Amino acid sequence: MAGAHLQQPSFLLATLKADCINKPFVQRCHDLETVIEEFPAKELHGIFPWLVESIFGSLDGIIVGWNLRCLQGRTSPTEYSMALDFLDPSGPMMKLVYKLQAEEYRYDFPVSYLPGPVKASIQEQVLPECSLYHNKVQFPSGGLGWNLALNPFEYYMFYFAISLITQKNSPVTHHVSPSNSAYFILVDTYLKCFLPTEGSVLPPPSSNPGGAIPSPTPRSPAVPFTSYGMHHTSLLKRHIAHQPSVNADPASQEIWRSETLLQIFVEMWLHHYSLEMYQKMQSPHVKESFKPTEEHVLVVRLLVKHLHAFSNSLKPEPLSPSAHSHTAGPLEEFKRVVIPRFVQEKLYIFLQHCFGHWPLDASFRAVLEMWLSYLQPWRYAPEKPPQSAEALPRNVSEKWAPFIQENLLMYTKLFVGFLNRALRTDLVSPKNALMVFRVAKVFAQPHLAEMILKGEQLFLEPELVIPHRQHRLFMSPTLGGSFLSSWPTTSTDASFKVKSHVYSLEGQDFQYKQMFGAEVRNLVLKLAQLICQAQQTAKSISDHSAETMASQSFFSWFRFTPSEMNGSYTGNDLDETGQDSIKKTDEYLEKALEYLCQIFKLNEAQLTQMMMKCRTAQDENGKKQLPDSIESEDGLILTPLGRYQIINGLRRFEVQYQGDAELQPIRSYENATLVRLLFRLSSVLNERFAHQMDVLCSREDFVGRLCRYHLTSPHLIQKIRCSPAVKERTSQNWGPRISLRFLASYRTLVSLLMTYFIASWFYIGPVGCTFIILIGYFLYAVIMTFFSEGWKPHDD
């Protein structure tokens with residue numbers, strides 16, 4: 001590649017495309033590094049769009065690119081390390097970006113691939129509020145569609161961020177962990193580089209020693225725009241405020257990359273629902289336009305955690321106001337406003353959508369942890385609790401009260417949304433129980449509930465006038481400028497800040513539902529009742545599993561218990577995970593109930609009464625009560641409560657097969673051919689020896705008891721006597737008979753084979769082995785006869 005300086009850019013591009021097919025990945029990266037180092041920016045300009053697309057994939061998702069979301073060091077260590085080095089902030093790719101940035105090149109990005117609200121706004125010729133799009137929108141001739149004219153850094157970051165959304169059909173294996181992928185690591189690397197918690201942003205490399213990279217000349221849009229309450233003429237003729245001028249100072253030079261990176265990440269990952277769209281999405285008839293994935297949520301959580309650490313790294317304000325004006329740099333000012341000004345509104349709407357539309361399964365844990373991470377900025381503060389206090393709940397300091405008050409809806413309304421989800425989930429599941437425990441534990445942190453209550457009281461304080469939609473001037477920078485532009489510095493009272501926060505997110509007509517009001521308290525009591533019921537259900541499942549294990553013996557392999565034959569037990573996911581998960585579920589629910597009592601100061605007597613009702617929710621026979629229902633002419637009809645109890649596994653009908661056991665459907669653990677053959681054989685034997693078996697069962701001695709126990713079904717006969725309908729569904733001959741169906745089960749067949757195999761080791765022939773089996777079964781039958789009453793002759 002070194003001798004290709006005289007080649008045309010088109011030939012260079014063709015050569016690189018051919019290398020993608022013919023050369024291995026590592027060799028291609030080394031060749032690209034050589035090209036970037038040795039070729040001038042004029043020639044690299046032609047390959048930059050293709051190179052970005054070949055790395056991150058096409059916007060339509062057809063081209064996968066390097067598939068960074070599936071690239072992991074455990075499976076592909078060489079490619080993984082090479083990709084991270086090549087795309088590192090100080091790596092070859094970023095050197096190419098800065099090399100082109102110095103020449104003021106622009107690259108078109110189609111508006112049609114932007115998030116829904118931004119795309120709709122631009123297509124309606126309304127400029128979005130985010131300054132990221134100002135002076136970039138253009139409509140080329142020929143009717144090709146709207147485009148954004150982006151500089152190289154913006155173009156690269158747009159593709160990097162949006163690849164998380166567009167590459168949904170990439171081949172992902174089941175063993176890929178999103179947090180270990182190259183994409184996840186790169187997000188973390190870029191955040192640490194451009195939003196540092198210590199020091200300042202590293203300056204970009206420059207081809208001019210000691211010089212700054214000049215910013216491109218701003219362009220005016222081809223058609224006029226309107227904006228939210230602003231005149232488009234003055235707005236659109238502004239400079240691109242987040243880009244420095246040619247003579248900008250080094251401090252501003254570092255800030256424009258930080259602000260641009262954050263705006264791109266927030267826009268691409270969170271701005272998929274506007275306030276108006278969110279209000280429409282409350283209707284269940286509206287089709288969901290964008291569905292975030294679990295990986296998407298995990299990346300957003302990484303962003304939230306880093307922004308908390310970035311904001312908390314703000315240096316303490318000096319006592320003298322004059323000193324502050326001289327010492328606070330652009331990066332420190334950026335830390336001060338980064339969350340309320342860039343993230344809060346879009347994250348709130350994003351979370352509201354997830355709470356309302358995410359499936360009711362364990363995958364919601366990712367959304368839950370992202371929400372809890374945002375609610376706890378103190379977890380990412382520089383100060384650490386003392387070692388001796390790590391096992392105790394961490395007190396929430398009073399200094400976090402302003403954050404809690406200015407994010408009140410994040411705590412209160414989303415908590416109510418979680419309650420509504422929890423009331424519709426199966427709390428017997430360990431994963432669902434864990435989510436309830438996690439939320440209760442976070443909100444039970446000392447002093448947190450009091451601070452939330454204080455925020456609600458501030459919101460409910462009467463106020464004469466609340467300016468309509470003043471949040472755009474209070475919470476946002478001047479339209480068309482960056483956060484460093486002029487913005488109100490008037491000190492407002494805490495009540496106005498809380499009201500401004502609530503009305504900016506929900507509108508003036510919003511009816512606030514108090515977290516510590518009577519309505520939400522009733523929801524908490526319902527959840528507490530469900531927790532008690534789930535604990536009893538888990539206990540019943542545990543008892544059932546213990547009884548099943550205790551009743552199994554060597555001889556039970558040769559004969560099925562009635563519960564196995566009628567299939568009355570429906571089971572739960574706890575059956576698959578064992579006693580450990582049952583214990584975890586009980587621990588999670590018990591602690592969650594304890595935390596809820598602490599948060600809402602629930603009455604202990606009321607809870608005790610509730611738990612007693614749950615514990616007495618068993619009938620006289622020790623079985624669970626039937627689901628709530630009403631009697632009608634057609635039988636029992638489930639009430640809404642009864643349907644809820646069945647769906648969540650709280651109660652169930654004891655469904656049993658009430659007909660002839662010989663005629664019930666073939667089970668999955670039975671051999672169908674053997675079932676049919678043995679049925680024919682037993683039918684012939686029963687027809688031929690019916691009289692002899694009836695005589696034997698009529699005897700009052702031990703032989704009669706033995707025959708009645710093994711040749712009759714007392715439960716079936718009792719049902720036939722009590723219900724003529726059952727008699728019609730059974731065979732005509734429901735007296736003593738031989739049943740050979742148990743021999744058709746795979747378990748019996750395996751047992752017989754194992755017995756013959758073991759006997760062969762002791763040189764016992766098939767005849768001797770069969771004799772041993774018969775003797776053993778006879779002894780088992782005799783023993784069981786002594787513990788049963790058997791079937792007694794009836795006069796009917």
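Residues numbered from 1 in each chain as written. Predicted model: local features only at pLDDT ≥ 70, side-chain atom pairs only at ≥ 80, totals over all residues. Heavy atoms only, no water.

K.L.:
Help me understand the overall build of the protein chain in this model?
P.N.:
When helices and strands are tallied, the protein chain shows 35 helices and five strands. Per-residue burial for the protein chain yields a buried fraction of 46% across its 796 residues. Sequence separation of at least 24 residues holds for 78% of the intrachain contacts in the protein chain that already meet a minimum separation of 6. Counting only carbon and sulfur atoms, one obtains 57% of the accessible surface of the protein chain, whose full area is about 40800 Å². (Helix = DSSP H or I, 4+ residues; strand = E, 2+ residues; numbered from the N terminus. Buried < 20%, exposed > 50% of the residue type's maximum accessible area, 1.4 Å probe, protein only. Contact = heavy atoms within 4.5 Å. Areas by Shrake-Rupley, 256 points an atom, 1.4 Å probe, with all protein chains shown as cover.)

K.L.:
Any chance you could explain the packing of helix α2 (residues 25-38) against helix α5 (residues 92-101) here in plain terms?
P.N.:
One can describe the packing of α2 onto α5 by two numbers: an axis separation of 10 Å at closest approach and a directional angle of 25°. When the axes of α2 and α5 are compared, the pair comes out roughly parallel. Judged by the twist between their axes, the crossing of α2 over α5 is left-handed. From α2, E33, I36 and E37 reach across to α5, where they touch P92, M93, K95, L96 and K99. Here the residues of the contact of α2 with α5 are counted per class, giving four nonpolar, no polar and four charged. (Axes fitted to C-alpha atoms, helices over the stretch in contact; angles between N-to-C directions. Parallel < 35°, antiparallel > 145°, perpendicular 65-115°, else oblique. Left-handed = near helix turned anticlockwise from the far one by under 90°. Nonpolar A, V, L, I, M, F, W, Y, C, P; charged D, E, K, R; others polar.)

K.L.:
I keep staring at the packing of aromatic side chains and nothing clicks. Help me out?
P.N.:
In this description, a pair of aromatic rings is defined by centroid distance and the angle of the planes. Under the definition given, this model contains 36 aromatic pairs. With 4.8 Å between their ring centres and 55° between their planes, F415 and F443 make a pair best called tilted. On the criterion of sequence distance, the pair formed by F415 in helix α18 (residues 408-422) and F443 in helix α19 (residues 430-443) is long-range, its members being 28 residues apart. Note on F443: relative accessible area 2%, which makes it buried. Following the ring pairs from residue to residue traces out a cluster consisting of F56, F153, Y156, F160, Y183, Y190, F194, W256, F265 and W269. (Phe/Tyr/Trp six-rings, centres within 6.5 Å; stacked < 30°, edge-to-face > 60°.)

K.L.:
What should I look at first to understand helix α6 (residues 116-123) in this one?
P.N.:
Because each turn of an α-helix spans 3.6 residues, side chains separated by three or four positions in sequence point in the same direction. Taken together, the buried positions of α6 are P117, V118, S121 and I122. The buried residues of α6 occupy one face: seen down the axis, they fall within an arc of 125°. Count one or two residues on from α6 and you reach Q125, which has phi positive near 60°. (Arc of directions from axis to C-beta.)

K.L.:
Is there a simple way to explain the pairing of strand β4 (residues 629-632) in this structure?
P.N.:
Moving residue by residue along a regular strand, the side chains alternate between the two faces of the sheet. Pairing of β4 with strand β5 (residues 635-638) involves four bridges; the strand directions are antiparallel. Counterpart to I630 in the pairing with β5 is I637. Where β4 hands over to β5, the hairpin turn is made up of two residues, counted between the paired strands. (Pairing = 2+ DSSP bridges.)

K.L.:
Honestly, helix α14 (residues 330-342) in this entry has me stumped. Any pointers?
P.N.:
Here α14 contains 13 residues, and its C-alpha end-to-end distance of 16 Å is more than 12% below the 18 Å for a straight helix at 1.5 Å per residue. Considering bend angle alone, the principal kink of α14 is centred on R336 and spans about 40°; proline P340 follows within four residues of it. (Expected span 1.5 Å × (residues − 1). Bend = angle between axes of the 7 residues up to and from the residue.)

K.L.:
What is the right way to read the confidence of the model for the protein chain from this model?
P.N.:
In regions of low pLDDT, the predicted coordinates are not meant to be interpreted in detail. Per-chain confidence: the protein chain averages 77 in pLDDT, with 69% of residues scoring 70 or above. Looking at the elements of the protein chain, mean pLDDT is at its lowest for helix α9 (residues 232-236), recorded as 34, and at its highest for helix α16 (residues 365-375), recorded as 97. A low-confidence stretch, residues 618-623 (pLDDT under 50), is modelled with five contacts involving residues beyond four sequence positions or located in other chains. Considering only residues more than four positions removed or in separate chains, one finds that residues 729-733, a stretch of pLDDT under 50, has eight contacts. (pLDDT = per-residue confidence, 0-100.)

K.L.:
Before we go on, may I ask you to explain the sheet that holds strand β1 (residues 107-110) in this structure?
P.N.:
Note on sheets: strands pair through backbone hydrogen bonds, and any given pair is parallel or antiparallel. Pairing in this open sheet of three strands is antiparallel, and the strands run β1-β3-β2 from one edge to the other. The open sheet terminates on both sides in strands that have one partner only, identified here as β1 and β2 (137-138). Running over the sheet, helix α7 (residues 152-166) touches β1 and β3 (147-150) and is turned about 30° from β1.

K.L.:
How should I be thinking about the pattern of salt bridges in this particular structure?
P.N.:
Inspection of the entire model under this criterion finds 16 salt bridges. Close ionic contact of K192 with D188 constitutes a salt bridge, the shortest N to O distance being 3.0 Å. With K192 and D188 both in helix α8 (residues 182-194), this residue pair falls four residues apart, about one helical turn. Between K346 and E267 there is a salt bridge whose closest N-O contact spans 3.5 Å. Of this pair, K346 sits in helix α15 (residues 344-357) while E267 is found in helix α10 (residues 250-269), placing the two residues 79 residues apart along the sequence. Each member of the pair, K346 together with E267, is buried. (Salt bridge = Lys/Arg side-chain N within 4 Å of Asp/Glu carboxyl O.)

K.L.:
What should I look at first to understand unusual backbone geometry in this one?
P.N.:
Trans is the common state for peptide bonds, and a negative phi is the common state for residues other than glycine. Positive phi outside glycine occurs at E104, with the angle close to 60°. Note on placement: E104 falls in the loop between α5 and β1. A positive phi angle is found at K601, which is not glycine, with a value near 50°. Looking at the element boundaries, K601 is found in the loop between α26 (579-600) and α27 (604-615). Take K601: its relative accessible area is 61%, and that puts it in the exposed class.

K.L.:
Sorry if this is basic, but what is going on with the pairing of β3 here?
P.N.:
A two-sided burial pattern is seen for β3, the buried positions comprising N147 and A149 on one face and L148 and L150 on the other. Two strands pair when backbone bridges link them, and β1 and β3 are joined in this way by four bridges, in the antiparallel orientation. Within β3, the residue paired with F109 across the bridge is L148. With two bridges joining them, β2 and β3 adopt antiparallel strand pairing. Bridging from a neighbouring strand, V137 pairs with L148 of β3.

K.L.:
Is there a simple way to explain the nonpolar core in this structure?
P.N.:
The tendency in soluble globular proteins is for nonpolar side chains to be buried side by side. Ranked by internal contacts, the top residues of the largest apolar core, which has 180 residues, are L87, Y156, W269 and W371. Look past the residues within four positions of W371 in its chain and what remains in contact with it is L351, F355, M410, Y411, L414, F415, F418, V439 and F443. (Core = buried A, V, L, I, M, F, W, Y, C linked by side-chain atoms within 4.5 Å.)

K.L.:
Explanation requested: a nonpolar patch on the surface in the structure shown.
P.N.:
Judged by side-chain polarity, V750, M754, F757 and I758 come together as a nonpolar surface patch covering roughly 390 Å² of accessible area. One can find V750 in helix α34 (residues 746-761). (Patch = residues over 30% accessible without salt bridge, like charges linked within 9 Å, V, L, I, M, F, W, Y side chains within 5 Å.)

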